[in-house]
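Reading the structure
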Amino acid sequence: MRKPVIAGNWKLNGTIAEALALVTELKALLPTNENVDVVVCPPFTALGTVAAATTSSAIQLGGQDIFFRQKGAYTGQISGPMLLDCGCKYVIMGHSERRGRFGVPEPDFTDDVLRVFGDNDTTVNLKLRAALANGLIPICCVGEILSERETGQTDDVVRKQVIAALKDVSPEETATVIFAYEPVWAIGTGKVCAADEADRVCGIIRATVASIAGDAAAHAVRIQYGGSVKPDNAQDLLGRPNIDGALVGGASLKAADFAGIVIAAG
Ligand code: PGA
């Protein structure tokens, strides 16, 4: 059986002191359950402090992004060796908040957010391979935007993102990857994807992995659902055969809610 993995993506939230307070509260609330991997992904600035606070706990650490070069003249970037140095074991790549074309307003966003980070299928693949080369476990996000869902393109979009992400990745390495199915319209909106539908798309991800890397890798690969996961919908989602965990944004900033989701997974 695949071990469920619950990851909290704290995004652009928290001073070092706030991150320490959150993880300290979380440590006190989390049950000791070795059957679930629990990961928090604080901002880069708080990684060292959170790592020190979690050394003797079951909480594991992840980065929110990785650059695909090891070092050099890349202002503002964080590399695999730097994440390892901070105590990270996991790293997210391809989050929808980072995918998109430079400087182009997103039709699906209600505010005036521009896609300033410009990640695409090519850079996501480079980042995933950089994570693997450094011994980090990739959490690779895929998912459709609302207009793609409304025009029946969900399955094709997700398949294409998975195929691109796994380019030049061996079946053995593929088996260690975590995919996060995150329908973009469900992120931070309170609109959770129905559990049956989330499970169906996670099944498409697994079948796509099988077609590229074989059945053993597809069986081993863990697939999270992400998008408005809360303690009250977690059990329904996590009980589905193709959903092996959750990538949690907003609810991971409240220790009691995040702990509730971990309990639902166990
Ligand atoms: P949300 O975010 O839980 O706030 O919807 C999920 C994510 O962005 O990974």
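This text gives an overview of the structure that appears in the document. Per chain, residue numbering runs from 1 following the sequence as it is written. The model is predicted, so local features are restricted to residues of pLDDT at least 70 and side-chain atom pairs to those at 80 or more, both for listing and for counting; the totals for chains, interfaces and linings are taken over all residues. For the side-chain quantities, the full set of heavy atoms in the structure was used; hydrogens and water were omitted.

1. Topic: the nonpolar core
Nine residue types can take part in a nonpolar core, namely buried Ala, Val, Leu, Ile, Met, Phe, Trp, Tyr and Cys, and a core is a set of them joined through side-chain atoms within 4.5 Å. Only protein chains enter the accessibility calculation, which uses a 1.4 Å probe; a residue whose area is less than 20% of its type maximum is buried, one above 50% is exposed, and one in between is partly exposed. Formed by 68 residues in total, the largest nonpolar core has its most connected members in Ile6, Phe179, Val209 and Tyr225. Core analysis: the next-biggest nonpolar cluster, separate from the first, contains 12 residues, Tyr90, Ile137, Cys141 and Ala180 among them.

2. Here's the deal with the pattern of salt bridges
Whenever a carboxyl oxygen of Asp or Glu lies within 4 Å of a side-chain nitrogen of Lys or Arg, that contact is scored as a salt bridge. The tally for this structure, following the rule as stated, stands at 19 salt bridges. A salt bridge links Arg206 to Asp244, with the shortest nitrogen-to-oxygen separation between them at 2.8 Å. Pair noted here: Arg206 is in helix 8 (residues 195-213) and Asp244 is in the loop between helix 10 (231-238) and strand 10 (245-248), with a separation of 38 residues, a long-range link. Side by side, Arg206 and Asp244 carry an identical accessibility label, which is buried. What counts as a helix is a DSSP run of H or I of at least four residues, what counts as a strand is a run of E of at least two, and both are numbered from the N terminus.

3. Thoughts on the site of the ligand
Any residue with a non-hydrogen atom lying within 4 Å of a molecule or strand is treated as near it. Lining the immediate surroundings of the ligand are Lys11, His95, Glu182, Ala186, Ile187, Gly188, Gly227, Ser228, Leu247, Val248, Gly249 and Gly250. Any pair of nitrogen or oxygen atoms within 3.5 Å is treated as a polar contact; in protein, a donor-acceptor pairing is required on top of that, and neighbouring residues in sequence qualify only through side-chain atoms on both sides. At a separation of 2.6 Å, an oxygen atom of the ligand approaches a polar backbone atom of Gly188. Contact distances for the ligand include 2.7 Å between an oxygen atom and a backbone N or O atom of Ser228. Accessibility throughout is a Shrake-Rupley quantity obtained with a 1.4 Å probe, and a residue counts as covered only by protein chains that appear here. When the ligand sits alone it has 280 Å² of accessible area, and the protein chains cover 96% of it. Among the residues making up the shell around the ligand, the classes are represented as 4 nonpolar, 6 polar and 2 charged. In this classification, Asp, Glu, Lys and Arg are treated as charged, Ala, Val, Leu, Ile, Met, Phe, Trp, Tyr, Cys and Pro as nonpolar, and every other residue, Gly included, as polar.

4. Focus: the side chain of Ser228
Its place among the elements puts Ser228 in the loop between strand 9 (222-226) and helix 10. Apart from residues lying up to four places away in sequence, Ser228 is in contact with Ala186, Gly188, Thr189, Gly190, Lys191, Val192 and Asn233. Contact between two residues is taken to exist if any of their heavy atoms lie within 4.5 Å; hydrogens are not considered.

5. Some remarks on the packing of helix 6 (residues 154-165) against helix 8
Inter-axis angles, ranging from 0 to 180 degrees, are taken between N-to-C directions of lines fitted to C-alpha atoms, where helices are fitted over the stretch in contact. Helix 8 packs onto helix 6 with a crossing angle of 40° between their chain directions and a minimal axis gap of 10 Å. The pairing of helix 6 with helix 8 is recorded here as oblique in orientation. Remark: the crossing between helix 6 and helix 8 carries right-handed chirality. Together, Thr154, Asp155, Val158, Arg159, Val162 and Ile163 of helix 6 and Arg200, Val201, Ile204, Ile205, Thr208, Val209 and Ile212 of helix 8 make up the contact between the two elements. Taken together, the residues of the contact of helix 6 with helix 8 sort by class into 8 nonpolar, 2 polar and 3 charged. Here roughly perpendicular refers to angles of 65 to 115 degrees, roughly parallel to angles under 35, roughly antiparallel to angles over 145, and oblique to all remaining angles. By definition, any crossing whose near helix is turned counterclockwise from its far helix by less than a right angle is left-handed, and any crossing with a clockwise turn is right-handed.

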